[in-house]
Amino acid sequence: MNNSIKIGSTIGIIGGGQLGQMLAQSARQSGMKVIILDPQKDCPAALFADGQIVADYSDEAAIRKLVSKADVLTYEFENVDLNILEKIQNKTLLPQGTHLLKITKDRLNEKNFLKNLGLRTAEFSSINTEKELKNALDEFGYPSYLKTCEGGYDGKNQMQLKSTSDFDKATTILQKGPCILEKKVIFKMECSVMVGRNVDGEVSVFPVSENIHRNQILHESIVPARISEKLQNEAQLIARKIAEALNLCGILGIEMFIGEDDNVYVNELAPRPHNSGHYSIEACNYSQFDIHNRAICNWKMPEIKLLKPVVMVNVLGQHLEKVKALVPHNEEYHFHDYWKTEARVDRKMGHVTILTNDIEKTLNDIEKTNIWD
Ligand code: ADP
Ligand code: MG
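What comes next is a walk through the structure. Because the structure is predicted, anything quoted here is derived from the model rather than measured.

**Describing the overall build of the chain**
Then, number 1: Along the backbone of the chain there are 12 helices and 17 strands.
Then, number 2: Across the chain, contacts joining residues at least 24 apart in sequence account for 61% of those joining residues at least 6 apart.
Then, number 3: If the 44 positive side-chain charges of the chain are averaged to one point and the 50 negative ones to another, these points end up 3 Å apart.

Structure representation (structure tokens):
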């Protein structure tokens, strides 16, 4: 622990959305200073930081300015400008490095990395032309997913092909750039595991979160996931294996499918805090944000304990006003407001965390509010 970053030092964060905000809250709580780089003045994270550099993420001069003010640098999203990071990086300044970003930036690289590690994924094929798409569909059949290799999130830049009649629509995805076709995994559950690792290689693994999506956007996370202990252990072991193979520093979110065949399939990697890990703020001894900050500062990594079962539900633009009206009357709702100025439909505006001894009842109670219809 000789090379740990001291309390009172400054963490520079590229990106100022809600993930940056919760990183900043955690960092400041433990005595660190925070500077945010984001083009939007008073972005969600800047409201909880010591300062902001208002500039584009790919503004090299601005990133150098951030470097001059920070003792350690991190990012809250994966589409950071790799060229600039490579120019400015050194191990102390950017302990996360750029290797992980290079893998996760491109779905094909990511899937190949997982496959080479011996982990199970959906069957996949690289697609650059209509002919390749046709051949791969002949092999995988329907349904299959066509996804752009770069720049997708919340189900964007991808589509499910259910039958040959979807082929023409799929070509619009193909026009966006290199793609990957994935055979549909028949799953009984989607889940995720957050894993953190510090510079010295100490690892913290979070419990498995069961994730329920609506319109391909995360709706609820339930922890512990309602699967056997054996599967939970397997998912956590996979997370540890990935963290070690990557020489991970920082936090990583790993999305998985639990197949109908009871196998664990790795879906994708998020090299940052993840929406499905927000439950950890109230439900664990350390949150995913605490763990990320500890990891990049090379502080000792704790064993993660789930203090109580939990349900996290996302608050999108269309839910916000109703949730705000309910929260003062509901002592179970731990409400987090991201302080975004514009509440658009399907935009993540906040989340609610509910600690519970009765997951089924809590899920029912959430339904009964009719807010998330
Ligand atoms: P995103 O980056 O948009 O989250 P994902 O690859 O996680 O992209 O896909 C979004 C969702 O689509 C997944 O959470 C899952 O519900 C569904 N999905 C994607 N790929 C597959 C697949 N191969 N088999 C089954 N479902 C899939
Ligand atoms: Mg996903």
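**Some thoughts on the coordination of the magnesium ion (ligand 2)**
Then, number 1: Coordination of the magnesium ion (ligand 2) by the protein is provided by E255 (OE), E255 (OE) and E268 (OE), with metal-donor distances spanning 2.0 to 2.8 Å. Highlighted residues: E255 in strand β13 (residues 250–259) and E268 in strand β14 (residues 264–270), separated in sequence by 13 residues.
Then, number 2: Overall, the relative accessible area of 16% leaves E255 in the buried class.

**Focus on the site of ligand 1**
Then, number 1: The environment of ligand 1 is formed by 21 residues, the closest being K147, G155, V185, E190 and E268.
Then, number 2: Its free accessible area being 540 Å², ligand 1 has 94% of it covered by the protein chains.
Then, number 3: Broken down by class, the residue content of the shell around ligand 1 amounts to 6 nonpolar, 6 polar and 9 charged.
Then, number 4: Two domains each provide a minimum of three residues to the shell around ligand 1, namely domain 2 (123–183) and domain 3 (187–368).

**Describing the nonpolar core**
Then, number 1: Core analysis: the biggest nonpolar cluster contains 29 residues, and V195, I242, L252 and I254 have the highest contact counts within it.
Then, number 2: Those elements giving two or more residues to this core turn out to be α4 (99–104), α5 (107–116), β9 (187–197), β10 (203–205), α8 (229–246), β13 and β14.
Then, number 3: When residues in this core are grouped by element, the largest group, 7 residues, is from α8.
Then, number 4: Those residues in contact with I242 that sit more than four places away from it in its chain are F113, L114, L117, L119, L252, I254, V266 and L269.
Then, number 5: Of all hydrophobic cores here, the second largest spans 22 residues; its members include A24, M32, V34 and A46.

**A short note on the pattern of salt bridges**
Then, number 1: Within this structure, the stated rule accounts for 22 salt bridges.
Then, number 2: The shortest N-O distance in the salt bridge between K111 and E182 comes to 2.8 Å. Separated by 71 residues along the polypeptide, K111 in helix α5 and E182 in strand β8 (residues 179–183) bring together distant segments of the chain.
Then, number 3: Among the salt bridges present, the one from E342 reaches R344, with a minimum N-O distance of 3.2 Å.
Then, number 4: Using a relative accessible area of 41% as the deciding quantity, one classes R344 as partly exposed.
Then, number 5: The structure contains a network of salt bridges with shared partners spanning E60, R64 and K87.

**Notes on the pairing of strand β2 (residues 33–38)**
Then, number 1: Among the 6 residues that make up β2, 5 are buried, leaving the element largely enclosed by the rest of the structure.
Then, number 2: Pairing of strand β1 (residues 10–14) with β2 involves 5 bridges; the strand directions are parallel. Of the residues in β2, the one forming a bridge with I13 is I36.

**A word on the packing of aromatic side chains**
Then, number 1: According to the stated counting rule, one finds 2 aromatic pairs in the structure shown.
Then, number 2: Ring centres 4.7 Å apart and planes at 65 degrees place the aromatic pair Y57 and F77 in the edge-to-face group. Of this pair, Y57 sits in the loop between β3 (51–54) and α2 (60–69) while F77 sits in the loop between β4 (72–75) and α3 (82–88), placing them 20 residues apart in sequence.
Then, number 3: Overall, Y57 belongs to the partly exposed group, its relative accessible area being 26%.
Then, number 4: A relative accessible area of 17% places F77 in the buried class.

Criteria and cut-off values
Residues numbered from 1 in each chain as written. Chains lettered and ligands numbered in written order. Predicted model: local features only at pLDDT ≥ 70, side-chain atom pairs only at ≥ 80, totals over all residues. Heavy atoms only, no water. Helix = DSSP H or I, 4+ residues; strand = E, 2+ residues; numbered from the N terminus. Contact = heavy atoms within 4.5 Å. Lys, Arg positive; Asp, Glu negative; His and termini not counted. Charge placed at Lys NZ, Arg CZ, Asp CG, Glu CD. Donors = N, O, S within 2.8 Å, 3.2 Å for Na, K, Ca; no water. Buried < 20%, exposed > 50% of the residue type's maximum accessible area, 1.4 Å probe, protein only. Near = heavy atom within 4 Å. Areas by Shrake-Rupley, 256 points an atom, 1.4 Å probe, with all protein chains shown as cover. Nonpolar A, V, L, I, M, F, W, Y, C, P; charged D, E, K, R; others polar. Domains from an automatic or database assignment. Core = buried A, V, L, I, M, F, W, Y, C linked by side-chain atoms within 4.5 Å. Salt bridge = Lys/Arg side-chain N within 4 Å of Asp/Glu carboxyl O. Pairing = 2+ DSSP bridges. Phe/Tyr/Trp six-rings, centres within 6.5 Å; stacked < 30°, edge-to-face > 60°.

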